[in-house]
Amino acid sequence: MILATAILVGLAAVMAIVAYRQDPARPAAGALAGLRLLWTMLPMLIAAFFVAGMLAVALPPQLVHRWLASTSGLLDVVIGSAAGALIPGGPYVSFPIIAAIHQAGASLAATVALITGWAVWNVGLLSFELAIVGPRFTLIRVAATLVLPPAAGLLVHAIFG
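My aim in this report is to walk through the structure given alongside it, one point at a time.

The rules we used
- Residues numbered from 1 in each chain as written.
- Predicted model: local features only at pLDDT ≥ 70, side-chain atom pairs only at ≥ 80, totals over all residues.
- Heavy atoms only, no water.
- Helix = DSSP H or I, 4+ residues; strand = E, 2+ residues; numbered from the N terminus.
- Rg over C-alpha atoms; globule rule 2.2 N^0.38 Å.
- Buried < 20%, exposed > 50% of the residue type's maximum accessible area, 1.4 Å probe, protein only.
- Contact = heavy atoms within 4.5 Å.
- Expected span 1.5 Å × (residues − 1).
- Arc of directions from axis to C-beta.
- Polar contact = N/O pair within 3.5 Å; in protein donor to acceptor, adjacent residues only side chain to side chain.
- Core = buried A, V, L, I, M, F, W, Y, C linked by side-chain atoms within 4.5 Å.

**Observations regarding the overall build of the protein**
Check the secondary structure of the protein and you find 9 helices and 0 strands. Listed N to C, the secondary structure of the protein is α-α-α-α-α-α-α-α-α in terms of helices and strands. Whereas a compact globule of 161 residues would reach a radius of gyration of roughly 15 Å, the protein reaches 19 Å, over 25% beyond that. Projected onto its principal axes, the C-alpha coordinates of the protein cover approximately 60 × 40 × 30 Å. Sorting the 161 residues of the protein into buried and exposed places 29% on the buried side. A sequence separation of at least 24 residues applies to 73% of the contacts in the protein between residues at least 6 apart.

As structure tokens, then:
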């Protein structure tokens, strides 16, 4: 977390220098745009972290253990892949939820499958994809990525047990 924060701060500093060289007023305008975005996203972020916290205490560990632990055989990867597709929102919403599920006892393979399923099969984005790029493209993309979440989880099973 510290490394990611340091990278983002460094990136923001480099971008501010570039913007300043173009026009000294640009870094302030960029900072203001960032604050507006934060203000817009803050309610959703608070709700996402609240949901993640509630999942951590409300999700029965025996349920997670039964369906998403490494002791469930390869079922954890299959369920993780499918469940990942159903997790709503962008990374600021989904990653706290996925982290809570992992902390509740989901295996590393199931967690990787969850993230991969969310990234490539996200059901919430399908309507946008269908509307913008069309059904043929969407069908081809979904078919081409069908094996990715389970493959990622199985690879983690094979390498890390």
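Continuing now.
**Some details on helix α9 (residues 148-160)**
For α9, spanning 13 residues, the distance from its first C-alpha to its last is 18 Å, which sits close to the expected 18 Å at 1.5 Å a residue. Every buried residue belonging to α9 is among Pro149, Ala152, Gly153, Val156 and His157, and all of these are buried. For α9, the buried positions fall inside an angular range of 140° around the axis, keeping them on one side. Residues of α9 that are exposed and angled more than 90 degrees away from the buried face: Leu155, Ala158 and Ile159. Positive phi appears at Gly161, one or two residues downstream of α9, with a value of about 80°.

**Remarks on the side chain of Thr111**
Summarising the element assignment, Thr111 is placed in helix α6 (residues 108-121). Among the polar contacts made by the side chain of Thr111, one reaches the side chain of His102 at a distance of 2.7 Å. Here Thr111 is in contact with Ile98, His102 and Ala106, once residues within four sequence places are set aside.

**Some points on the side chain of Thr138**
With respect to the element layout, Thr138 can be found in helix α8 (residues 135-145). A polar side-chain atom of Thr138 sits 2.9 Å from the main-chain carbonyl oxygen of Gly134. The residues touching Thr138, leaving out its near neighbours within four places in the chain, are Leu126, Glu129, Leu130 and Val133.

**Things to note about the nonpolar core**
Judged by nonpolar contacts, the single largest core of 14 residues is most densely connected at Val64, Leu68, Ile87, Ile101 and Ala106. The set of elements that each furnish at least two residues to this core consists of α3 (61-68), α5 (91-103) and α6. With 4 residues, α5 is the single largest residue contributor to this core. Setting aside residues no more than four positions away along its own chain, Val64 makes contact with Leu59, Ala69, Ile101, Ala104, Gly105 and Ala106.

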